[in-house]
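Architecture and fold: a report
Residues per chain, in single letters:
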Amino acid sequence: MLDKIELYQGDITRLGVDAIVNAANRSLLGGGGVDGAIHRAAGPELLQECRTLGGCETGSAKITKAYRLPARFVIHAVGPIYSGSPQDPLRLAGCYRTSLRLALENDVASIAFPAISCGVYGYPIADAVQVALDATVEFLATHDAPARVVFALFSHQFFTLYQRALAVREEGRRK
Ligand code: AR6
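Predicted model only: the values in this text are computed from it and were never measured. (Residues numbered from 1 in each chain as written. Predicted model: local features only at pLDDT ≥ 70, side-chain atom pairs only at ≥ 80, totals over all residues. Heavy atoms only, no water.)

A closer look at helix α3 (residues 87-105)
The cut-off we apply is this: Here a strand is any run of E in DSSP of at least two residues, a helix any run of H or I of at least four, and the numbering for each starts at the N terminus. Here a helix's expected span is defined as the number of its residues, less one, multiplied by 1.5 Å. In this scheme, a residue with accessible area under 20% of its type's maximum is buried, one over 50% is exposed, and one in between is partly exposed, where area comes from a 1.4 Å probe on protein chains only.
The end-to-end C-alpha separation of α3 is 26 Å, in line with the 27 Å expected for 19 residues at 1.5 Å each. Inspection of α3 places D88, L92, A93, G94, C95, Y96, T98, S99, L100, L102 and A103 among the buried residues, and these make up the whole buried set. Positioned one or two residues after α3, D107 has a phi angle of 55°, which is positive.

Here we look at the state of the cysteines
Applicable threshold: Throughout, a disulfide means two cysteine sulfur atoms within 2.5 Å of one another.
Under the counting rule described, the total for this entry stands at 0 disulfides. In this structure C95 is not part of a disulfide, and its nearest cysteine sulfur, from C56, lies 7.8 Å away. On the basis of relative accessible area, C95 is assigned to the buried category, the value being 0%.

Notes on the site of the ligand
Operational definition: Whether a residue is near a molecule or strand depends on its heavy atoms: it is near if one of them lies within 4 Å of it. Any pair of nitrogen or oxygen atoms within 3.5 Å is treated as a polar contact; in protein, a donor-acceptor pairing is required on top of that, and neighbouring residues in sequence qualify only through side-chain atoms on both sides. Each accessible area value is a Shrake-Rupley result obtained with a 1.4 Å probe; residue values ignore everything except the protein chains displayed when judging cover. A 1.4 Å probe that fits but cannot get out identifies a cavity on a 1 Å grid over protein atoms alone, an open set with protein on both sides within 12 Å along at least five of seven lines counts as a pocket, and a residue lines either if it has an atom within 4 Å of a point. Each molecule is assigned to a cavity or pocket provided more than half of its atoms lie within 2 Å of the corresponding grid points.
For the ligand, the set of nearby residues contains 22 residues, the closest of which are N25, G32, D35, S117 and G119. G32 places a polar main-chain atom, nitrogen or oxygen, 2.7 Å from an oxygen atom of the ligand. D35 is positioned with one of its side-chain polar atoms (N or O) 2.7 Å from an oxygen atom of the ligand. Here the ligand has 700 Å² of accessible area as a free molecule, and 88% of this is covered by the chains. Comparing atom positions with the cavity grids shows the ligand to sit within the largest pocket. Counting only elements with at least two residues in the shell around the ligand, the list comes to β2 (19-24) and α1 (33-42).

As for the nonpolar core
Operational definition: The term nonpolar core refers to a set of buried residues drawn from Ala, Val, Leu, Ile, Met, Phe, Trp, Tyr and Cys, joined through side-chain atoms within 4.5 Å. Should any heavy atoms of two residues lie within 4.5 Å, those residues are counted as being in contact.
Residues I75, Y96, I111, F113, I116, F151 and Y162 are the most contacted members of the largest nonpolar core, which totals 39 residues. Those elements giving two or more residues to this core turn out to be β2, β4 (73-78), α3, β5 (110-113), α4 (125-142), β6 (148-153) and α5 (156-174). Once residues within four sequence positions are removed from consideration, F151 is found in contact with I5, E6, L7, Y8, Y96, F113, A132, L133, T136 and Y162. Counting 15 residues, the second-largest nonpolar core is a separate cluster that includes I12, V17, L46 and C50.

Observations concerning the packing of α3 against α4
Put simply, the rule reads: Angles here are taken between N-to-C directions and fall from 0 to 180 degrees, while the axes themselves are lines fitted to C-alpha atoms, restricted in helices to the stretch in contact. Crossings are assigned a handedness: left-handed for a near helix turned anticlockwise from the far helix by less than a right angle, right-handed for a clockwise turn. Residues are grouped as follows: nonpolar covers Ala, Val, Leu, Ile, Met, Phe, Trp, Tyr, Cys and Pro; charged covers Asp, Glu, Lys and Arg; every other residue, Gly included, is treated as polar.
Where α3 meets α4, the axes come as close as 9 Å, and the angle between the chain directions of the two elements is 35°. When the axes of α3 and α4 are compared, the crossing they make is right-handed. Each of P89, L92, A93, Y96, R97, L100, R101 and L104 in α3 lies in contact with α4, whose residues at this interface are A128, V131, A132, A135, T136 and F139. Residue composition of the contact of α3 with α4, grouped by class: 11 nonpolar, 1 polar and 2 charged.

Rendered as structure tokens:
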């Protein structure tokens, strides 16, 4: 499973994967951070399509076309605003699971995730990385697609954290 996972440091909007995941809010009508970058790069047609979706629940996701982006689809996932409650990891895992299920249903072979909820939503990255990897590994263990999952980390610090978390899992697998 781990061999299907890759790390990338930089701007997710530049990735030529089949689908990129957006860290959206429940309105799905755009915002700052990665959401703003995706809408800017995709062009105004993305917002037009998002207006037809009727928002999205926290912990879930919806799919649209990707317009001017190199990707074919954008999967808009709504992460939890971090509160320290036991619901947080369940909702965050729901974002990854739902996005991967939408990828499978739309013949997406490669998908890239940003660090959902780890910006203005305040989720501690050290916890979020474990939730992201657990949910992804579990999905890949029980489904044939997607073939490739990329975690796109904007900062070097987050990239290093993901690298370490993956290395620990690789090590655990070899033992
Ligand atoms: N490519 C990859 N990662 C990025 C990019 C990019 N171009 N830009 C930012 N990040 P955030 P959230 C990283 O705040 O915490 C929006 O206003 C960023 O460094 O974008 O889920 C929405 O509309 C951080 O590590 O998303 C919501 O209202 C990660 O992406 C709210 O923010 C997520 O940070 C969602 O907050």
